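# Commentary on secondary and tertiary structure
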Amino acid sequence: MPEYRWPEIGTTSLIGKRINRVDGPEKVTGRAKYTYDLKRPGMLYGKMLRCPHAHARILSIDTSEAEKLSGVAAVHIVQEPGTEIQWAGDDVVAVAAVTEQITEDAIRRIKVEYEKLPHLVREEDLAKAGDRVKPFTEQVTGDPDQAFQAADTVVVEGEYGLPVVTHCCLEVHGQVAEWEGDRVTIYPSIQGVERVAGQYAQALGVPASNVRTLMQYVGGGFGSKVAADRWGTACAQLAKKAGKPVRLMLERKEDQEVAGNRPSDFARIKLAATRDGTITAWQSESWGTGGPGGGGSPPIPYIWQIPNQRKIHSAIATNCGPARAWRAPNHPQACYLTMCPIDDLAAKLNMDPLDLVVKNVSLLGPRAELYRQELAKAAELMEWKKNWHPRGDRSPGPMKRGMGLSLHTWGGGGHSSECQVSIHPDGSVEVSLCTQDIGTGTRTVLTIVTAETLGLPVEAIRLNIGDNRLPPSGNSGGSTTVGGVSSSTRRAALNALEQLFLTVAPSLGVSPEQLEAVGGQIRVKGDPTKSLSWKQATAKLGVASIKEMGKQPGPQPNPGELTSSGVGGVQMADVSVDVETGVVKVNKIVAVQDCGLIIDMKTAESQVYGALIMGICYSLMEERVMDQLTGRMLNANMEFYKLAGLADIGELVVHMWTDPEQQRRGVIGLGEPPVISPGAVIANAVASAIGVRVPYLPLTPPRVLAALEKGGMV
Amino acid sequence: MRDQKNKPTSDKRKRGISRRKFLKGVGLGSGVLSSGILGGPLLPEASAVAQAAEVEVAGPTPAPIELTVNGQRKNLRLEPRVTLLEALRDWLDMTGAKKVCDRATCGACTVILDGQPVYSCSVLAIESQGKNIQTVESLAQGDSLHPLQAAFVENDAQQCGFCTPGFVVAAKAFLDKYPNPTREQARLGLGGNLCRCGTYAGIWKAVLEAATGRRDSQRGIGQGGGSNA
Ligand code: FES
Ligand code: FES
């Protein structure tokens, strides 16, 4: 059995280098076919009639006029009369017709009567939430009362918060469904091609073996695309009734309202330190909503193991579209709610926040030393010590400049995964597993791992993914994909190579263990003159291909293994604020990020760049605005639900942490962690610039101006 | 109910209105019938339209529409409310341009219309007749990428890739107009497109690099907005 390790650092020809995304050409040419782009023969277009009320009971549904419309092929009632609807935009009736336009006409002809029920859609004021508040139990560590009152203690108190934001994937949620007898093929827009098949089987009441799921490209997910969803099953029902394939993609408005969001979190926080800057106590009362289910509890204080704590969290049930995992669930909120008070504490202590963090670094747990080093690196890249000033930029003119910092952590251990690597007699190589590339570079990583292991160029590898008939590999969630699939692929490739060595060793007159695969050759270690080209070697297979499996059980705890868990990073931001207009401009963000062994430096860096930009979006612009009167989302579109554009991003500096010790930890996921800190770094930089805390994200001009008007806590 | 597809063309004539005028009128927007924009000699026809609209709740029937896409004539029968984006995607199966916001905000649907970049989600197919429509599909020649596309790949200016074709087309139109942009011009000139994965840093670099490449090679390939540039 081969030894399942990564190649020695410094010996690789592809791993850790800057390799182009292998599916880049398909994407830049527009040839990549996403679910939204699929057109199956005879395909119909599906749409959903949705409930306009935030809380209501369906009294009656009349679809007769829609059914009479020429071109309409199927109508399917998703939620029957009597059902209580919990959020505006929930699915009621699905329709399929020959064109999208006729489907729209049909939807307009459906008559539904509702009994309206009282709703709550806003949660930022805890006092107004009434019986919708579900408090969790209070948690106490140490003796917070004593710690807050101890002599020589400095205390800061403040309120901080982040609103609900949506995923706003550019490809909306949806799928194509196509039946052949009692077998159904679903083309989903999904982060888990394999797992979603089982969900369809269950919802449709067909044997799991009758469901095929296929997807090559998905236009973003960020955590929101892991379920079949009611609209998915409805699409399959329409296809069955119509006897034709149906494509049902959500409208942008619907996607914003019902297809996922990140829970809000608000908190009243008290934080104490001794006068010399030793952090001693934390107290928080926090609340937030993730829709009807309430929402999760952010892990605060984030990372910091403050000895004395009292905290209580309440979830508020609102009549809003339910939350879904949003890139690093709960962490951006927890990070913001922790790192902002720490920054305020530094201001009150008249300390540079970098000094405060370094002074208390031992509270950062097992990763403390790495954080210290990463802080130093980030400070160097930001020229922190040269540029830092006490809170409030005193320079003349309306443009005020400031800097902020934050740190974060994430798991990211590889999920379980199985892979098959085939080596064919003609020399071609196939890698097959049911994973998906959600834009993170999974295809590229798998290609690199196989090519590196077999000593071949990336072009020699053919990859099959996105089909639930391939060996199973989990959802792309929790940054668990890269660790899992790169490990199973490494194992399968090593197993396949071992078989090839067994076949060709006799012809080179050596034992299989003496062989290596390098530069397109199978050669004898230490004696490169004894070699076969890859094609000569595989020709010796005769007519039988090698097909070998690799199984990765999940993360492995020991150093030197293929994947482990736990990453971290430090970020710093430099912003300018116009105190006359309240406009915040990001000048620069530095991100220092560790993530174990990096397979492709180019796409890894892209993950961090992308996370920083998404971070700028939620720090400065993004906010779901709910209207309590109508119970509807007011900005369920992309004009008023703002995302940053190219002109908004400033200079981004990404530094991947690649010391040998980290690389020996194996491959660990990266997609989520760098999106955690931007809220805190940008907000802290704004406070540093203007001298007062703007307590709530996003840092829009009205909020900045309001904070300036009120003055500050410092 | 009438069958939209097989409706005989002759019954329009009974109402004394040419199909083309009828559809153009409606194509201007839904307010047109009531707002009196159709005045003068068109008035009698407009009232015929109003009558027809009363009968036909489902809307005007498909009409012959000819589009010139990447230098090729395409003959379609489309309802006048069909947008250029829908015509390209649902009728011509040219799916490089994406539907994302459907409201002229994100640029994922960008195509070049007579040399100008437009949001094709907000242009009717019927209004695009007689114009030169250039889509992302025209840029690469087989496996050989347009230099701008190559620069996108080289700078990893795509993640999920859903915004990418729109960005490529917008960048192409931008560079056709500003062959030697400054960093600042590029920063502002590419502001009409949105990306959720956050690929702006790569896009910015790619566009500047592609511009430099053009200056260096000056072969006239890929410039000037010709339909297959
Ligand atoms: S889809 Fe046309 S601009 Fe967004
Ligand atoms: S690459 Fe995903 S939206 Fe731009």
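Residues numbered from 1 in each chain as written. Chains lettered and ligands numbered in written order. Predicted model: local features only at pLDDT ≥ 70, side-chain atom pairs only at ≥ 80, totals over all residues. Heavy atoms only, no water.

We now examine the overall build of chain A. The helix and strand tally for chain A stands at 18 helices and 29 strands. Rg of the C-alpha trace for chain A: 28 Å, near the compact-globule value of 27 Å for 714 residues, within the 12% margin. Projected onto its principal axes, the C-alpha positions of chain A cover 80 × 75 × 45 Å. Here chain A holds 714 residues, and 64% of them are scored as buried. In chain A, once contacts between residues fewer than 6 apart in sequence are set aside, the share between residues at least 24 apart is 81%. Here chain A has roughly 24800 Å² of accessible surface; of this, 52% comes from carbon and sulfur atoms. Each charge class in chain A can be summarised by its mean position, and for the 74 positive and 78 negative side chains these summaries are 2 Å apart. (Helix = DSSP H or I, 4+ residues; strand = E, 2+ residues; numbered from the N terminus. Rg over C-alpha atoms; globule rule 2.2 N^0.38 Å. Buried < 20%, exposed > 50% of the residue type's maximum accessible area, 1.4 Å probe, protein only. Contact = heavy atoms within 4.5 Å. Areas by Shrake-Rupley, 256 points an atom, 1.4 Å probe, with all protein chains shown as cover. Lys, Arg positive; Asp, Glu negative; His and termini not counted. Charge placed at Lys NZ, Arg CZ, Asp CG, Glu CD.)

Right, let's get into the domain arrangement of chain A. Residue and element names in this part refer to chain A. Along its sequence, chain A is organised into domain 1 (35-118 + 168-258), domain 2 (326-411 + 566-711) and domain 3 (413-552). Here the C-alpha centre of domain 3 lies 39 Å away from the C-alpha centre of domain 1. Counting from both sides, the interface comprises 16 residues of domain 1 and, opposite them, 15 residues of domain 3. Looking only at domain 1, the three residues that lose the most surface to domain 3 are Gln191, Glu194 and Arg212, adding up to 38% of its buried area. If you look at where domain 1 meets domain 3, you find 1 salt bridge. One salt bridge connects Asp467 with Arg212, and the closest N-O pair in it is separated by 2.7 Å. On inspection of domain 1 and its partner domain 3, the count reaches 10 residue pairs in polar contact (both at pLDDT 80 or more). (Domains from an automatic or database assignment. Buried area = accessible area lost by both parts, 1.4 Å probe. Salt bridge = Lys/Arg side-chain N within 4 Å of Asp/Glu carboxyl O. Polar contact = N/O pair within 3.5 Å; in protein donor to acceptor, adjacent residues only side chain to side chain.)

Listed per partner, the contact involves 61 residues of chain A and 57 residues of chain B. Buried area between chain A and chain B, summed over both chains or domains, comes out near 4900 Å², and the portion from carbon and sulfur atoms is 54%. For the pair chain A and chain B, the interface holds 10 salt bridges. A salt bridge links Asp105 of chain A to Arg81 of chain B; the shortest N-O distance between them is 2.6 Å.

Adjacent strands of a sheet form backbone hydrogen bonds with each other and so pair up, either parallel or antiparallel. All names here are of chain A. Here 4 strands make up an open sheet; going across it, the order is S22-S21-S20-S26 and the pairing mixed. The sheet terminates laterally at strand S22 (461-464) and strand S26 (546-552), the two strands that pair on one side only. Across the sheet, the axes of successive neighbouring strands diverge by a mean angle of 20 degrees, strand direction being ignored. Both strand S21 (residues 429-432) and S22 contribute to a ladder of 4 bridges, which runs parallel. Among the inter-strand pairings, Val431 is bridged to a residue of S22, identified as Leu463. Of the strands in this sheet, strand S20 (417-423), S21 and S22 are in contact with helix H12 (residues 442-454), which crosses S22 at around 140 degrees. (Pairing = 2+ DSSP bridges. Axes fitted to C-alpha atoms, helices over the stretch in contact; angles between N-to-C directions.)

What follows concerns the packing of H12 of chain A against helix H13 (residues 481-508) of chain A. Residues and elements named next belong to chain A. Viewed as axis vectors pointing N to C, H12 and H13 meet at an angle of 30 degrees, and their least axial separation amounts to 9 Å. By the angle between their directions, the pair H12 and H13 is classed as roughly parallel. The handedness of the crossing between H12 and H13 comes out as right-handed. Together, Thr442, Val445, Leu446, Val449, Thr450, Thr453 and Leu454 of H12 and Thr481, Val482, Val485, Ser486, Thr489, Arg490, Ala493, Leu494 and Leu497 of H13 make up the contact between the two elements. Across the contact of H12 with H13, the residue classes break down as 9 nonpolar, 6 polar and 1 charged. (Parallel < 35°, antiparallel > 145°, perpendicular 65-115°, else oblique. Left-handed = near helix turned anticlockwise from the far one by under 90°. Nonpolar A, V, L, I, M, F, W, Y, C, P; charged D, E, K, R; others polar.)

On to the side chain of Arg491 of chain A. Residues and elements named next belong to chain A. Its place among the elements puts Arg491 in helix H13. Although Arg491 lies buried, it forms no salt bridge, and the closest oppositely charged side chain, Glu561, sits 5.4 Å away as judged by the N-O distance. From its side chain, Arg491 meets the backbone oxygen of Lys551 in a polar contact 3.4 Å long. Apart from the residues within four sequence positions on either side, Arg491 is in contact with Tyr4, Gly550, Lys551, Gln552, Pro553, Gln556 and Leu562.

For the rest of this paragraph, the subject is the pattern of salt bridges. This model, assessed by the stated rule, comprises 58 salt bridges over all chains. Measuring nitrogen to oxygen at the nearest pair gives 3.6 Å for the salt bridge that ties Arg310 of chain A to Glu138 of chain A. Of this pair, Arg310 of chain A sits in strand S18 (residues 308-316) while Glu138 of chain A sits in the loop between strand S7 (133-135) and strand S8 (139-141), and the two are 172 residues apart along the sequence. Judged by relative accessible area, which is 19%, Arg310 of chain A ranks as buried. Glu257 of chain A is the salt-bridge partner of Lys253 of chain A, the closest N and O atoms lying 3.4 Å from each other. Highlighted residues: Lys253 of chain A and Glu257 of chain A, both in helix H7 (residues 252-258), separated by 4 residues, approximately one helical turn. Each of Lys47, Glu100, Glu104 and Glu251 of chain A together with Glu86, Lys99 and Asp102 of chain B takes part in a single network of salt bridges with overlapping partners.

Counted by the stated rule, this structure contains 7 aromatic pairs over all chains. Ring centres of Trp326 of chain A and Tyr618 of chain A lie 5.8 Å apart, and the angle between their planes is 85 degrees; this geometry places the pair in the edge-to-face category. One end of the pair, Trp326 of chain A, is in the loop between S18 and helix H8 (331-348); the other, Tyr618 of chain A, is in helix H15 (residues 601-620), with 292 residues separating them in the sequence. One exposure class covers both Trp326 of chain A and Tyr618 of chain A, and it is buried. Pairwise contacts between aromatic rings join Tyr34 and Tyr217 of chain A together with Phe162 of chain B into one cluster. The ring of Trp326 of chain A is capped by Arg262 of chain A, whose NZ or CZ atom sits 4.7 Å from the centre of that ring. Directly above the ring of Tyr217 of chain A sits Arg443 of chain A, whose terminal nitrogen or CZ lies 4.4 Å from the centroid. (Phe/Tyr/Trp six-rings, centres within 6.5 Å; stacked < 30°, edge-to-face > 60°. Lys NZ or Arg CZ within 6 Å of the ring centre and 35° of its normal.)

Turning our attention to the pairing of strand S2 (residues 56-62) of chain A. Judged from the 6 bridges that link them, S2 of chain A and strand S6 (residues 111-116) of chain A form a sheet pairing that is antiparallel. Across the sheet, Asp62 of chain A pairs through a bridge with Lys111 of chain A, a residue of S6 of chain A.

Relative to the assigned elements, Thr11 of chain A resides in the segment before helix H1 (24-28). Polar side-chain contacts of Thr11 of chain A include one of 2.6 Å to the backbone oxygen of Glu8 of chain A.

Let us now look at the environment of Gln175 of chain A. On the secondary structure map, Gln175 of chain A appears in strand S11 (residues 174-180). In this structure, the C-alpha to C-alpha distance between Gln175 of chain A and Pro307 of chain A, residues 132 residues apart in sequence, is 50 Å.

Residues and elements named next belong to chain A. Residues Val429 and Val431 point to one face of S21 and Glu430 and Ser432 to the other, with burial holding for every one of them. Sheet analysis places S20 next to S21, joined by 4 bridges and oriented antiparallel. Bridge pairing in S21 places Ser422 opposite Glu430. In sequence, S20 turns back onto S21 through a hairpin of 5 residues, with Gly427 there showing a positive phi of about 95 degrees. Chirality of the crossover, the property in question, places the unit of S21, H12 and S22 among those that are right-handed. (Right-handed = clockwise from strand over helix to strand, strands pointing away.)

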